[in-house]
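# Residue-level structure breakdown
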Amino acid sequence: MSDNKMAVADINHSLYDFKDIENEQDFYRMEEGLSRETVLKVSEEKNDPDWMREFRLQCLDLYNRIKMPNWGPSIEGLDMDKISSYVRHKSDMKGKWEDVPEDIKNTFEKLGIPQAERESLAGVGAQYDSELVYHNVRDEVAAQGVIYTDLESALRGEYADMIKSHFMKLVPPTDHKFAALHGAVWSGGSFVYVPQNVKVDIPLQSYFRLNAAGAGQFEHTLIIVDEGADLHFIEGCSAPKYNVANLHAGCVELYVSKNARLRYSTIENWSKNMYNLNTKRALVEDGGIMEWVSGSFGSHTSYLYPMTILKGEGSKMEFTGITFAGKGQNLDTGAKVVHQGERTSSVINTKSISKDGGIGTYRSSVIIQSTAKKAKASVSCDSLMLDSISRADTIPGMDIRTNDADVGHEAKIGRISDEAIFYLMSRGISEEDAKAMIVSGFANPVSKELPLEYAVEMNNLIRLEMSGNG
Amino acid sequence: MSSDFELKVNVLPVTTYNFLHVNESTIKISDLSLGKRKSTDEAELPSGVSKKSGVSFGEAGKVFGSFSGRINVLADGYAAPNGDTSERDKEQAVRTGMGADVDRLMRDMNVTSDVYTVDEGVKADKPIAISDKYEDGEMALLSYVIHAKKDSEITVILMESSERSAAGLSGISVRLMAEDGAKITLVKTQMLGDGFVHFYDIGGACLEGAGISLVTLELGGCDVHSSAYINLSEDNSAYSSNLAYLARDDHRLDFNYVADQRGKKTEALMDFKGVLMDRAQKTFRGTLDFKSGSSGSVGDEQEDALLLSPDVVNRTMPVILCQEEDVEGRHGATIGQLTEELLFYMMSRGIDEERARRIMVSARLESVARLIPDPDIMQKTIYYIQNIL
């Protein structure tokens, strides 16, 4: 146990919350606020094709017309007039770490991204503020025909038509106000295409760092896993903490073809001034499998409900998620699934921990349409309250439109049992360590779904939060 | 008096995705014209129980006002942070499941209340059974207040029925005040005709050690709203709800049951089971709300919905809100059809499939009907279930 105590003491609490001072001369920063001019300026910066410029303007119009959500956490503290939609380093995206500007490279070195690339990843994309600064994929993976590139390049290259036919088709800008905002000012993000029957054995990763204060990050991730292919994609995100609001309104669209499998893992540790209004959605064809692994630790306010549309017969979805809401955080997370095809199945398994006045809300929807005969859905959500100044709410919804389906739902809210703490303390473990152990055990179903390095990172985050230094 | 009304009712305690269409429900009433309904079977009250009729709806609610400091209906800091809807029912004497629009309707239509008061320490020796048999085309709004004084016990049974082919409107408001140690059991069996719009709106408050038990059978009617909001205001108070429902044809059922747990060591147990057939639609909202200070409390909410047709629509919203560490809250839902194994078992015993289904469905509903403490009403209800299936 003494080793564990050392591990807690040894954690560098500034692991994510370090500020690299951005030299103004090296960065281009668009003025705060949102207008037709700012949208056109972003489009110009991106050298958009005409259709994309028009699309952005249509999205701006939608953004101005769509109302704020009438449910969920307050986002009154988010003032778009104080958010810069676009900040980029003046250097271009690089294919080698040594070519990345020194200050940015230092940031990603501290986050361990190059090391992870060397040791355990098939490819890495690193976004700093609004633009990708580094993108690389291993030669042997590229040789399999796997495309992993920044979305802007893909928009103008060989895959331009594929992008056009998929971009914001799964998450239309009419979906909600911040989907429209994303459509208007999106920048950065990745495009992945895995050809038929190609199995990528080790994961690809995109890491998003929002370093600028008072800025928004609007990256777009588009992944197409073709028939019989297999991919694990990892997304990481962090930011230093500022006293002004930052906004993340990214969008992830995932297409899982017939008999393909996609695992999408996220460890989100945005700073606690971040409004995380991200939208993620997957469409799964016959026999396809979509697996989500999601850890939400950061952000001031989150609205995050990855959605899966099980369109194809026999398609499957599994969502495993954990949310840790600490002081000052209001994290509204969960999952959505729509069963359309016959014999589709979904399993949602979430854990939520609330501490130091944090608010953790599990919110979900399970929709079984009349076409989804013999569908099966199972939801299990557990919440753990670590004190009485925090809050844990569970707001699941189910809409079932066929009798030929099997739906089960269970939820529990409670605290760490005194007996369990007493038992551990009787074995010589301090109360604080006992609680940390129990919380780690509670999170175990999630961490065991992650690659080892990321499971360790997640457990570190839990320890940080438990020690009050998260 | 004649008028049109549109009521916004059954508002979820916290709003959620609009596309689920569960945040609220609407009742439209056209040409509301109330006749003079005289409920029957209430002539002989148990000793120690008194009844005052003709009390204005507002006046009848004053019994809750005299405990306002203890019921503490809407204290600051209790609102759920993400989409709390309590503000809209602030004006209610006691918060009810359907909400303030029902109160407004009752007041606008000058509905008077029957107020039953059970004297301190009195354990009523028999239930009060109130029966309403409606005529075709009849419209009625009824209001009851049941006030159980300290350490008293009372059971009230409501039976609402009509011919199966009848149409009309039946709206009932019941407000329950259980003082320290008092126990109120409220039973309702609803067997209205296929053209009836029916609503049943309950609001209740329990002081220290008090208990409210609800037994509800919603078996008829074409458009039914049935809801309860029970305030477990003080320590060791308890609430239980057993509800069975049957929806057929194009009928619509809409529920909103809330346990608001504020006292220490409170207990809320809610069990809902029902059957949807044909093209019926049902929305069920069930909420356990553990407020700050409710340490040691437990809440359990279970729903078991049996779907017997490919055209039914079942919406379920089992919500837990929790602002207290030392509580145990659980909810579970099972939604689907009869399992093949069960049918096979029964068929292997010589019961044909159709009969096996009927047995399983009626057993589900009868398990709640058997909780009715009046043998005559219980038998009538079971007979109705067996006939309608």
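Attention now moves to the overall build of chain B. In terms of regular secondary structure, chain B is built from 7 helices and 19 strands. Along the longest, intermediate and shortest principal axes, the C-alpha atoms of chain B span 60 × 50 × 40 Å. In chain B, which comprises 389 residues, the proportion classed as buried is 61%. Contacts spanning at least 24 positions in sequence make up 83% of the contacts within chain B whose residues lie at least 6 apart. Per element, the accessible surface of chain B, about 14000 Å² overall, is 46% carbon and sulfur. If you average the places of the 42 positive and of the 62 negative side-chain charges in chain B, the two averages end up 1 Å apart.

This brings us to the overall build of chain A. For chain A, the count of helices and strands is 12 helices and 25 strands. The C-alpha radius of gyration of chain A comes to 22 Å, within 12% of the 23 Å expected for a compact globule of 470 residues. Projected onto the principal axes, the alpha-carbon positions of chain A cover approximately 65 × 55 × 45 Å. Within chain A, the fraction of its 470 residues that count as buried is 63%. Sequence-distant contacts, at least 24 apart, represent 84% of the contacts inside chain A between residues at least 6 apart. Of the accessible surface of chain A, which amounts to about 17200 Å², a share of 47% is contributed by carbon and sulfur atoms.

Let us look at the nonpolar core. Counting residues in hydrophobic clusters, the biggest one holds 106 residues, and the most contacted among them are Leu 231 of chain A together with Val 174, Leu 186 and Tyr 239 of chain B. Not counting the four nearest positions on each side in its chain, Tyr 239 of chain B is found in contact with Ile 212, Leu 214, Ala 228, Ile 230, Leu 232, Tyr 257, Val 258, Ala 259, Glu 267, Ala 268, Leu 269 and Met 270 of chain B.

Another point: the interface of chain B and chain A. On the chain A side, the residues contacting the 42 residues of chain B number 45 residues. Around 3600 Å² of area is buried between chain B and chain A when both sides are counted, 49% of it from carbon and sulfur atoms. Contact with chain A buries surface across chain B, with Tyr 17, Asn 82 and Glu 325 of chain B losing the most and accounting together for 21% of the total. On the surface where chain B and chain A come into contact, there are 2 salt bridges. Arg 315 of chain B serves as the salt-bridge partner of Asp 399 of chain A, at 3.4 Å between the closest nitrogen and oxygen. Our count for the contact surface shared by chain B and chain A stands at 24 residue pairs in polar contact (both at pLDDT 80 or more). Mapped by element, the contributors of at least two residues to the side of chain B that touches chain A are β18 (313-322) and β19 (327-336) of chain B.

Another aspect to go through is the pattern of salt bridges. Two side chains with opposite charge may pair up if their charged atoms get near one another. All names here are of chain A. Tallied over the entire structure, the rule returns 55 salt bridges over all chains. With a closest N to O distance of 2.3 Å, Glu 152 and Lys 46 form a salt bridge. Taken together, the positions of Glu 152 in helix α7 (residues 151-156) and Lys 46 in helix α2 (residues 36-46) put the pair 106 residues apart, joining distant regions of the chain. Side by side, Glu 152 and Lys 46 carry an identical accessibility label, which is buried. A salt bridge links Lys 355 to Asp 356, with the nearest nitrogen and oxygen atoms 3.0 Å apart. Using a relative accessible area of 32% as the deciding quantity, one classes Asp 356 as partly exposed.

With 16 residues, helix α3 (residues 50-65) of chain A should reach 22 Å at 1.5 Å per residue; the first-to-last C-alpha distance of 23 Å fits that figure. Within α3 of chain A, the full set of buried residues consists of Met 52, Phe 55, Arg 56, Leu 57, Cys 59, Leu 60, Leu 62 and Tyr 63 of chain A.

The subject of this paragraph is the packing of helix α10 (residues 418-426) of chain A against helix α11 (residues 431-447) of chain A. All names here are of chain A. The N-to-C vectors of α10 and α11 enclose an angle of 125°; their axes lie 9 Å apart at closest approach. If you check the angle between α10 and α11, you find them oblique. As α10 runs across α11, the sense of the crossing is right-handed. Two secondary-structure elements touch here, α10 through Ala 420, Ile 421, Leu 424 and Met 425 and α11 through Glu 431, Ala 434, Lys 435, Met 437 and Ile 438.

Residue and element names in this part refer to chain A. By the element assignment, Asn 273 lies in the loop between β13 (261-269) and β14 (274-277). A relative accessible area of 6% places Asn 273 in the buried class. At a separation of 2.7 Å, a polar atom in the side chain of Asn 273 contacts the main-chain carbonyl oxygen of Val 244. Look past the residues within four positions of Asn 273 in its chain and what remains in contact with it is Pro 240, Lys 241, Tyr 242, Val 244, Ala 245, Asn 246 and His 300.

To continue, consider the packing of aromatic side chains. Residues and elements named next belong to chain A. Taken as a whole and assessed by the stated rule, the structure comprises 18 aromatic pairs over all chains. A centroid spacing of 5.7 Å and a plane angle of 50° characterise the contact between Tyr 159 and Phe 191, whose relative ring orientation is tilted. Of this pair, Tyr 159 sits in the loop between α7 and α8 (160-166) while Phe 191 sits in strand β6 (residues 190-194), and the two are 32 residues apart along the sequence. Given a relative accessible area of 0%, Phe 191 falls into the buried group. Aromatic pair Tyr 159 and Tyr 193: ring centres 5.9 Å apart, planes at 40°, arrangement tilted. Of the two residues, Tyr 159 sits in the loop between α7 and α8 while Tyr 193 sits in strand β6, which places them 34 residues apart along the sequence. Overall, the relative accessible area of 18% leaves Tyr 159 in the buried class.

Moving on, we get to the state of the cysteines. In this structure the tally under the stated criterion is 0 disulfides over all chains. Unpaired in terms of disulfides, Cys 237 of chain A finds its nearest cysteine sulfur in Cys 251 of chain A, a separation of 14 Å.

Moving on to the packing of helix α6 (residues 353-369) of chain B against helix α7 (residues 375-388) of chain B. Residue and element names in this part refer to chain B. As a packed pair, α6 and α7 sit with axes 10 Å apart at the nearest point and diverge in direction by 165°. Here α6 is positioned roughly antiparallel relative to α7, judged by the angle of their axes. Taken as a pair, α6 and α7 cross one another with a handedness that is right-handed. Residues Ser 362, Leu 365, Glu 366 and Ala 369 of α6 form the contact with α7, whose own contacting residues are Met 378, Thr 381, Ile 382, Ile 385 and Gln 386. Considering only residue class, the contact of α6 with α7 consists of 5 nonpolar, 3 polar and 1 charged.

Next up on the list: the environment of Asn 110 of chain B. Residues and elements named next belong to chain B. The topology assignment puts Asn 110 in the loop between α4 (100-108) and β4 (112-118). Given a relative accessible area of 56%, Asn 110 falls into the exposed group. Through-space distance from the C-alpha of Asn 110 to that of Met 270 is 33 Å; in sequence the pair is 160 residues apart.

Confidence in the prediction of chain A, expressed as mean pLDDT, is 87, and 93% of residues score 70 or more. Confidence over residues 1-13 of chain A falls short of pLDDT 50; this stretch has 13 contacts with residues more than four positions distant or in other chains.

Okay, the pairing of strand β24 (residues 391-400) of chain A next. The buried fraction of β24 of chain A is high, at 10 of 10 residues. Side chains Arg 391, Asp 393, Ile 395, Gly 397 and Asp 399 of chain A project from β24 of chain A onto one buried face, and the interleaved Ala 392, Thr 394, Pro 396, Met 398 and Ile 400 of chain A project onto a second face that is buried too. As paired elements, strand β22 (residues 359-368) of chain A and β24 of chain A share 10 bridges and run parallel to each other. Its bridge partner lying in β24 of chain A, Ile 367 of chain A is registered against Asp 399 of chain A. Note: β24 of chain A against β18 of chain B, 6 bridges, orientation antiparallel. Its bridge partner being in β18 of chain B, Ala 392 of chain A is matched across the sheet by Cys 322 of chain B.

For the rest of this paragraph, the subject is unusual backbone geometry. Residue and element names in this part refer to chain A. Even without being glycine, Arg 343 reaches a positive phi, approximately 55°. In this fold, Arg 343 is placed in the loop between β20 (330-339) and β21 (345-354). The phi dihedral of Lys 374 falls on the positive side, at around 60°, and the residue is not glycine. Structurally, Lys 374 is set in the loop between β22 and β23 (375-385).

Here is what the cut-offs are and how they apply
Residues numbered from 1 in each chain as written. Chains lettered and ligands numbered in written order. Predicted model: local features only at pLDDT ≥ 70, side-chain atom pairs only at ≥ 80, totals over all residues. Heavy atoms only, no water. Helix = DSSP H or I, 4+ residues; strand = E, 2+ residues; numbered from the N terminus. Buried < 20%, exposed > 50% of the residue type's maximum accessible area, 1.4 Å probe, protein only. Contact = heavy atoms within 4.5 Å. Areas by Shrake-Rupley, 256 points an atom, 1.4 Å probe, with all protein chains shown as cover. Lys, Arg positive; Asp, Glu negative; His and termini not counted. Charge placed at Lys NZ, Arg CZ, Asp CG, Glu CD. Rg over C-alpha atoms; globule rule 2.2 N^0.38 Å. Core = buried A, V, L, I, M, F, W, Y, C linked by side-chain atoms within 4.5 Å. Buried area = accessible area lost by both parts, 1.4 Å probe. Salt bridge = Lys/Arg side-chain N within 4 Å of Asp/Glu carboxyl O. Polar contact = N/O pair within 3.5 Å; in protein donor to acceptor, adjacent residues only side chain to side chain. Expected span 1.5 Å × (residues − 1). Axes fitted to C-alpha atoms, helices over the stretch in contact; angles between N-to-C directions. Parallel < 35°, antiparallel > 145°, perpendicular 65-115°, else oblique. Left-handed = near helix turned anticlockwise from the far one by under 90°. Phe/Tyr/Trp six-rings, centres within 6.5 Å; stacked < 30°, edge-to-face > 60°. Disulfide = S-S within 2.5 Å. Nonpolar A, V, L, I, M, F, W, Y, C, P; charged D, E, K, R; others polar. pLDDT = per-residue confidence, 0-100. Pairing = 2+ DSSP bridges.

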